[in-house]
Amino acid sequence: MKCPFCGKENTRVIDSRPADDGSSIRRRRQCDECSKRFTTYEKVEAIPLVVIKKDNNREPYDRTKIEAGVFRSCHKRPISVTQINALVDDIENTVFNLEEKEVPSSTIGEIVMDKLRDLDPVAYVRFASVYREFKDVNTFMNELKKILDSSK
């Protein structure tokens, strides 16, 4: 494992324990060169997942795309990084539990929206406005009405 600070390859594990989700191992490592410590996570490699885009192109599943969308929708909201990471983990688990080799991006988008709706209504509307490509104010207002009606 390369040290993220100095780039040398002589690092050693000083502590290992199960991560919070129980499906990965958290390892504390120390670089033998610069003596700095860092954390790595070891996960079981999952079945390669292919995402079918709206234009029917296929691309490998990329967790960072979900993270980026969720982070943007949660910008300036009272949501911690820990909550966001837990949400992305939950989304990812849901997607992989579908046990499909190819998943439409629309399915992933709906899962993200369902999870965001439970976390924060404002973040949900932000994500939905980009994901659903609201064409005008009326479609935006219809989505807001759905949220208001479900919270009663």
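Below: a short report on this structure. (Residues numbered from 1 in each chain as written. Predicted model: local features only at pLDDT ≥ 70, side-chain atom pairs only at ≥ 80, totals over all residues. Heavy atoms only, no water.)

Observations concerning the overall build of the protein
So, step 1. Counting its regular elements, the protein contains 5 helices and 6 strands.
So, step 2. Secondary structure elements in the protein, listed N-terminal to C-terminal, are β-β-β-β-β-α-α-β-α-α-α.
So, step 3. Against the compact-globule benchmark of 15 Å for 152 residues, the protein has a radius of gyration of 19 Å, which places it well outside the compact range.
So, step 4. For the protein, the C-alpha atoms occupy an extent of roughly 60 × 35 × 25 Å along the three principal directions. (Helix = DSSP H or I, 4+ residues; strand = E, 2+ residues; numbered from the N terminus. Rg over C-alpha atoms; globule rule 2.2 N^0.38 Å.)

Quick notes on the pattern of salt bridges
So, step 1. The full count for this structure, using the stated rule, is 12 salt bridges.
So, step 2. For Asp89, the salt bridge is made with Arg63, and the minimal N-O distance between the two is 2.7 Å. Of this pair, Asp89 sits in helix α2 (residues 81-96) while Arg63 sits in helix α1 (residues 63-73), placing them 26 residues apart in sequence.
So, step 3. Across the pair Arg63 and Glu92 runs a salt bridge, and its minimum N-O distance is 2.8 Å. Note that Arg63 is positioned in helix α1 and Glu92 in helix α2, a separation of 29 residues in sequence. (Salt bridge = Lys/Arg side-chain N within 4 Å of Asp/Glu carboxyl O.)

As for the side chain of Glu92
So, step 1. For Glu92, a relative accessible area of 12% corresponds to the buried category.
So, step 2. Not counting residues within four places of it along the chain, the set of residues in contact with Glu92 comprises Lys43, Tyr61 and Arg63. (Buried < 20%, exposed > 50% of the residue type's maximum accessible area, 1.4 Å probe, protein only. Contact = heavy atoms within 4.5 Å.)

Topic: the nonpolar core
So, step 1. Grouped together as the largest cluster of nonpolar side chains are 25 residues, with contacts concentrated most on Ile66, Val70, Ile91, Val112 and Leu116.
So, step 2. Within the residue set of this core, elements represented by two or more residues are α1, α2, α3 (105-119) and α4 (121-131).
So, step 3. Take this core: its biggest share by element is 6 residues, from α4. (Core = buried A, V, L, I, M, F, W, Y, C linked by side-chain atoms within 4.5 Å.)

Some words on the sheet that holds strand β4 (residues 50-52)
Either a parallel or an antiparallel arrangement is found when strands of a sheet pair, and the pairing is made through backbone hydrogen bonds.
So, step 1. What the 3 strands build is an open sheet, ordered β5-β4-β6; its pairing is mixed. Strands at the two margins of the open sheet, each flanked by one partner only, are β5 (58-60) and β6 (102-104). On average, each strand axis in the sheet is tilted by 35° relative to the strand beside it, whichever way the strands run.
So, step 2. Bridge count for β4 against β6 is 3 bridges, and the pairing is parallel. From the neighbouring strand, Ile52 faces β6, where its bridge partner is Pro104.
So, step 3. On the sheet, α3 packs against β4 and β6 and is oriented at approximately 65° with respect to β6. (Pairing = 2+ DSSP bridges. Axes fitted to C-alpha atoms, helices over the stretch in contact; angles between N-to-C directions.)

Here we look at unusual backbone geometry
So, step 1. Phi at Ser35 is positive, roughly 65°, even though this residue is not glycine.
So, step 2. One non-glycine residue, Asn56, adopts positive backbone phi at about 70°.
So, step 3. One can find Asn56 in the loop between β4 and β5.

A closer look at the packing of α1 against α2
Packed helices, taken two at a time, are described by the angle between their axes plus the distance between the axes.
So, step 1. Here α1 crosses α2 at 135°, and the two axes come no closer than 10 Å. With respect to each other, α1 and α2 are oriented oblique. The chirality of how α1 crosses α2 is right-handed. Contacts between α1 and α2 involve Arg63, Ile66, Glu67, Val70 and Phe71 from the first element and Val81, Ile84, Asn85, Leu87, Val88, Asp89, Ile91 and Glu92 from the second. (Parallel < 35°, antiparallel > 145°, perpendicular 65-115°, else oblique. Left-handed = near helix turned anticlockwise from the far one by under 90°.)

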